[in-house]
Amino acid sequence: MIKYEKGVSAFKSIESDPAILDEIAALKEELKDDLVILGHHYQRNDVIRFADVTGDSLILSQKAVEMKKKHIVFCGVYFMAECADILSDDDQKVYIPDMRAGCAMANMANIKDVEMIWEHLTSGTKEKIIPVTYINSSADIKYFVGKNDGIICTSSNASRIFDWAMERGSKILFLPDQFLGINTAISKGIPESAIFTLDRLPDEKAIEVSQVFLWNGYCSVHKRFTLDDVTKRRNEYPGIKIVVHGECTADVVKASDAFGSTSTIIKMITESEKGSAWAVGTEQHLVQRLTDRFPDKTIVPLAESGFQCVTMSMITPEKLLNTLKEIKEDITEHEVRVATEIKHYAKTALIRMLAL
Ligand code: 13P
Ligand code: SF4
């Protein structure tokens, strides 16, 4: 069996004060009839251990609807908590332990710029353009796609959502992640010559020949994996399988064996044979958890040191405890509320996705 000795051990999960962990456990038990804690796969161990449900963005938004608890604490980033608020009933409250834990990529598409580009594209063609936004986007971008006959996707269902969009229009505007957009488009057989990245305004000719317009956003964590990392891992571990998140760049995805959501990555590795070797191109908390969970397999980060999502890491046990205390005392400082006028169409777009 291939043995991995370097790199992973350099990553240490921060150790928390045991008294804080005990306090969270006690408060969680006290509030349990009314409380659900949702945890994204990129959360640190001493946060995720308190999650009633762990998952990728799709699973967590589905669970937020299904579990009819009064208080939903979202250990993830802001757009995820917004989704839970959009989908939940009026008598449910959604909280995030740190209001500043946003997703940098989601913040790369602001509604004014999107509306300006939309006007430019729709006035440049008679063909129907379907706007599709990755779930990693703000509530007003979700409102925008819902209002314009569009839909939301996650990294789990992007391929199916592309099919949905192509059945309803001949062009797609994909927001905000250019890489999930291009990786999905290529996997659907759309030629690269028909994919336009909006780092500039397309002229009439470009609008005519393009099938997919990609917003110029990206994830600063996944963008850091390179083709050199892939080559290096293949040289170090002959026969290694490389699986990466769909937010990685197109050249990394093309050189890998598979790409997908965090759940896809977990499923593939879980179902793989004993003794198999994997290099994983995603956030390091998840990679480390997989390494620890499967000692009978070799699981290494695609890049030697692994990369963390700074904002996911802003959720700490201390902040989770603080939020639980606030819930007990009926304080709403960390409650996430999407404006009512935004909710309607944002919900339309989310429901369209969940219905598929
Ligand atoms: P998943 O939906 O695959 O968990 O991805 C969310 C995310 O933010 C990845 O960077
Ligand atoms: Fe956003 Fe990237 Fe962090 Fe995911 S890993 S939450 S896309 S910044």
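This one's a predicted model, so the numbers in the text were calculated from it and none came from an experiment. (Residues numbered from 1 in each chain as written. Chains lettered and ligands numbered in written order. Predicted model: local features only at pLDDT ≥ 70, side-chain atom pairs only at ≥ 80, totals over all residues. Heavy atoms only, no water.)

Asker: Help me out: how do you make sense of the side chain of K28 in this one?
Answerer: Residue placement: K28 occurs in helix α1 (residues 18-31). Those residues in contact with K28 that lie beyond four places of it in its chain are L35, I37, F50, D52 and L324. (Helix = DSSP H or I, 4+ residues; strand = E, 2+ residues; numbered from the N terminus. Contact = heavy atoms within 4.5 Å.)

Asker: Is there a simple way to explain the site of ligand 1 in this structure?
Answerer: Ligand 1 sits among H40, Y42, D56, S57, Y134, N136, S155, H222, H245, E247, S261 and T262. Between H40 and ligand 1, the recorded distance is 2.6 Å, taken from a side-chain N or O atom to an oxygen atom. Within the side chain of H245, a nitrogen or oxygen atom sits 2.8 Å from an oxygen atom of ligand 1. Here ligand 1 has 300 Å² of accessible area as a free molecule, and 96% of this is covered by the chains. (Near = heavy atom within 4 Å. Polar contact = N/O pair within 3.5 Å; in protein donor to acceptor, adjacent residues only side chain to side chain. Areas by Shrake-Rupley, 256 points an atom, 1.4 Å probe, with all protein chains shown as cover.)

Asker: I keep staring at the site of ligand 2 and nothing clicks. Help me out?
Answerer: If you check the shell around ligand 2, you find Y42, V77, C103, M105, N136, C219, V221, E247, C309 and M312 and nothing else. Partitioned by chemical class, the residues of the shell around ligand 2 number eight nonpolar, one polar and one charged. (Nonpolar A, V, L, I, M, F, W, Y, C, P; charged D, E, K, R; others polar.)

Asker: Help me understand the sheet that holds strand β11 (residues 258-260) in this model?
Answerer: Within a sheet, adjacent strands bond to each other through the backbone by hydrogen bonds, running parallel or antiparallel. In space, the four strands of this open sheet follow the order β11-β10-β12-β13, with parallel pairing throughout. In this open sheet, the two edge strands, each paired with only one partner strand, are β11 and β13 (298-301). Pairs of neighbouring strands in the sheet enclose a mean axial angle of 25°, with direction left out of account. Of the strand pairs in this sheet, strand β10 (residues 241-245) and strand β12 (residues 277-281) are connected by four bridges, and their pairing is parallel. Bridged to V243 within β12 is V280. Sheet strands touched by helix α10 (residues 227-236): β10, β12 and β13. Its angle to β10, the strand with the most contacts, is close to 155°. Along the sheet face, helix α13 (residues 284-293) touches β12 and β13 and points at about 165° away from the line of β13. (Pairing = 2+ DSSP bridges. Axes fitted to C-alpha atoms, helices over the stretch in contact; angles between N-to-C directions.)

Asker: Can you help me understand the pattern of salt bridges in this one?
Answerer: Charged atoms that come close allow side chains of opposite charge to pair. Under the counting rule described, the total for this entry stands at 22 salt bridges. Here K319 and D98 are joined by a salt bridge, their closest N and O atoms 2.7 Å apart. One end of the pair, K319, is in helix α14 (residues 317-328); the other, D98, is in the loop between β4 (93-95) and α5 (111-123), and 221 residues separate them in sequence. Assessed through its relative accessible area of 5%, D98 is described here as buried. (Salt bridge = Lys/Arg side-chain N within 4 Å of Asp/Glu carboxyl O. Buried < 20%, exposed > 50% of the residue type's maximum accessible area, 1.4 Å probe, protein only.)

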